[in-house]
Amino acid sequence: MPIVPSILRYAASDIASLVWPSTCLGCGQRLLSHNQHLICNSCLMELPKVNYYKDDDNLVTDEFFRESIPIVYGCCFLQFKKGEWSQNLMHNIKYYNQPDLAVKLGRMAAMELQKYGRFADVDYILPVPMHRDKIKIRGFNQAERIATGMSEAMQIPIREDILIKTVNSKTQTYMERSERIANADKIFAAKRVGECAHSHFLIVDDVFTTGSTMLVCAQKLHEAMPECRVSVFALAKA
Ligand SMILES: [Zn+2]
């Protein structure tokens, strides 16, 4: 790459950051360097990875085993702890309109997962759907943004016509596990698509709390297409 244009590009980027200061979405420190985007290098180094993706059995796969819902593989990537800087990342995605951060973390997760051969034979990525009324308010579905980053890194297409959210539901935050499963059962549906009937699907969500959403989505996929295989991934463990 020619030296001059590259220097000019970096200088322009640094000048831009002085005019429109951007801060790290983890720790809030100012990002000055040209090679830092959304997250500073020290936060990137200290991302709270859960390491589940290194184990064949982990807390996510256990939940599916417990409910006798077959999955090929399941895992999370990060653990955000309440009150710690890492929780800012998820809050920034969900409540402060930072969809690019979701794409970036999805891409990073996929690159790490690939090192361990996870989800290598997945045919389609299915983001957990968000009701269109909620998308209108938030502007994006964070699960779809995470899935987009993964799709780019893994070269696996996304499909949003198979898993459907039929009802614009209230938050599940304050519900017990059994309530969450019963609630999710009423609001998610899966459509049979003939050409995908034998596919391996990867359901992607932002946060794995009790797993109720992904358990129900996986079950609905198996009911709609009994020959399919299902894997699950959440960016973070709550
Ligand atoms: Zn930082």
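Refer to the structure printed above.
How each quantity is defined
Residues numbered from 1 in each chain as written. Predicted model: local features only at pLDDT ≥ 70, side-chain atom pairs only at ≥ 80, totals over all residues. Core = buried A, V, L, I, M, F, W, Y, C linked by C-beta atoms within 7 Å. Buried ≥ 20, exposed ≤ 12 C-beta atoms within 10 Å, placed from the backbone. Helix = DSSP H or I, 4+ residues; strand = E, 2+ residues; numbered from the N terminus. Domains from an automatic or database assignment. Contact = placed C-beta atoms within 7 Å. Pairing = 2+ DSSP bridges. Axes fitted to C-alpha atoms, helices over the stretch in contact; angles between N-to-C directions. Parallel < 35°, antiparallel > 145°, perpendicular 65-115°, else oblique. Left-handed = near helix turned anticlockwise from the far one by under 90°. Expected span 1.5 Å × (residues − 1).

Asks: Explanation requested: the nonpolar core in the structure shown.
Replies: One broad trend across soluble globular proteins is that nonpolar side chains are buried collectively. Grouped together as the largest cluster of nonpolar side chains are 64 residues, with contacts concentrated most on Cys76, Leu202, Ile203, Val204, Cys217 and Ala218. Element by element, the count of residues in this core is highest for helix H5 (residues 99-115), at eight residues. When residues of this core are assigned to domains, at least three map to each of domain 1 (1-46) and domain 2 (47-237). If near-sequence neighbours (up to four positions away) are discounted, Cys217 is found in contact with Val128, Leu163, Phe188 and Ile203.

Asks: Explain the environment of Ser22 to me, please; I cannot follow it from the model alone.
Replies: Assignment of secondary structure puts Ser22 in strand E1 (residues 22-23). Here Ser22 falls in the partly exposed class, since 13 other C-beta atoms lie within 10 Å of it. Linking Ser22 and Leu32, residues ten residues apart in sequence, is a C-alpha distance of 7.8 Å.

Asks: Please explain the environment of Lys104 as it appears in this structure.
Replies: Relative to the elements of secondary structure, Lys104 occurs in helix H5. Note: C-alpha distance between Lys104 and His37 (67 residues apart in sequence) is 9.2 Å. Lys104 has contacts with Leu38 and Gly149, leaving out every residue within four places of it along the chain.

Asks: What is the right way to look at the sheet that holds strand E8 (residues 229-237) in this model?
Replies: Within a beta sheet, neighbouring strands are joined by backbone hydrogen bonds and run either parallel or antiparallel to one another. Within the open sheet, the four strands sit side by side as E3-E8-E7-E4. Their pairing is parallel. In the strand order of this sheet, the two ends are held by strand E3 (74-79) and strand E4 (124-127), each with one partner. Direction aside, the axes of adjacent strands within the sheet are offset by 20° on average. Pairing geometry for strand E7 (residues 200-208) and E8, over eight bridges, is parallel. Bridged to Val207 within E8 is Ala236. Each of E3, E7 and E8 is contacted by helix H3 (residues 59-66), which is oriented at about 140° to E3, the strand it contacts most.

Asks: Help me out: how do you make sense of the pairing of E3 in this one?
Replies: Within a regular strand, side chains alternate between the sheet's two faces. Within E3, five of the six residues are buried, which leaves it mostly tucked inside the rest of the structure. Bridging between E3 and E8 involves five bridges; their strand directions are parallel. Considered in E8, the bridge of Gln79 is made with Lys237.

Asks: Is there a simple way to think about the packing of H5 against helix H7 (residues 142-154) in this case?
Replies: In a packed pair of helices, the relevant descriptors are the angle between the two axes and the axis-to-axis distance. Between H5 and H7, the shortest axis-to-axis distance is 7 Å and the interhelical angle comes to 45°. One element, H5, and the other, H7, form an angle in the oblique class. Judged by the sense of rotation from one axis to the other, the crossing of H5 with H7 is right-handed. Residues Pro99, Ala102, Val103, Lys104, Leu105, Gly106, Arg107, Ala109, Ala110, Met111 and Gln114 of H5 form the contact with H7, whose own contacting residues are Gln142, Arg145, Ile146, Ala147, Thr148, Gly149, Met150, Glu152, Ala153 and Met154.

Asks: What is the right way to read H7 from this model?
Replies: The periodicity of an α-helix, 3.6 residues per turn, causes residues three or four positions apart to be oriented the same way. Here H7 is 13 residues long and its end C-alpha atoms lie 18 Å apart, about the 18 Å a rise of 1.5 Å per residue gives. Judged by how many residues are buried, H7 sits mostly within the fold: eleven of 13 residues are covered. Among the structural elements, helix H4 (85-95), H5, E4, E7 and E8 are those in contact with the buried residues of H7. Gln155, located one to two residues past H7, shows a positive phi value of around 60°.

Asks: Explanation requested: the environment of Ser178 in the structure shown.
Replies: Along the chain, Ser178 turns up in helix H8 (residues 177-187). C-alpha separation for the pair Ser178 and Ser212, spaced 34 residues apart in sequence, amounts to 8.2 Å.

Asks: How do you make sense of unusual backbone geometry when you look at a structure like this?
Replies: Negative phi values dominate among residues other than glycine, just as trans dominates among peptide bonds. Of note, Leu38 is a non-glycine position whose phi angle comes to about 70°, a positive value. Tracing the sequence through the fold places Leu38 in the loop between strand E2 (30-31) and helix H2 (41-45). Classification of Leu38 by C-beta neighbours within 10 Å gives buried; the count is 20. Unusually for a residue other than glycine, Gln155 sits at a positive phi of about 60°.

Asks: How do you make sense of the packing of H8 against helix H9 (residues 212-224) when you look at a structure like this?
Replies: Direction vectors running N to C along H8 and H9 enclose 40°, while the axes themselves pass 8 Å from each other. Taken together, H8 and H9 sit at an angle that is classed as oblique. The two elements H8 and H9 cross, and the hand of that crossing is right-handed. Contact residues: H8 offers Arg177, Arg180, Ile181, Ala184 and Asp185, while H9 offers Ser212, Thr213, Leu215 and Val216.

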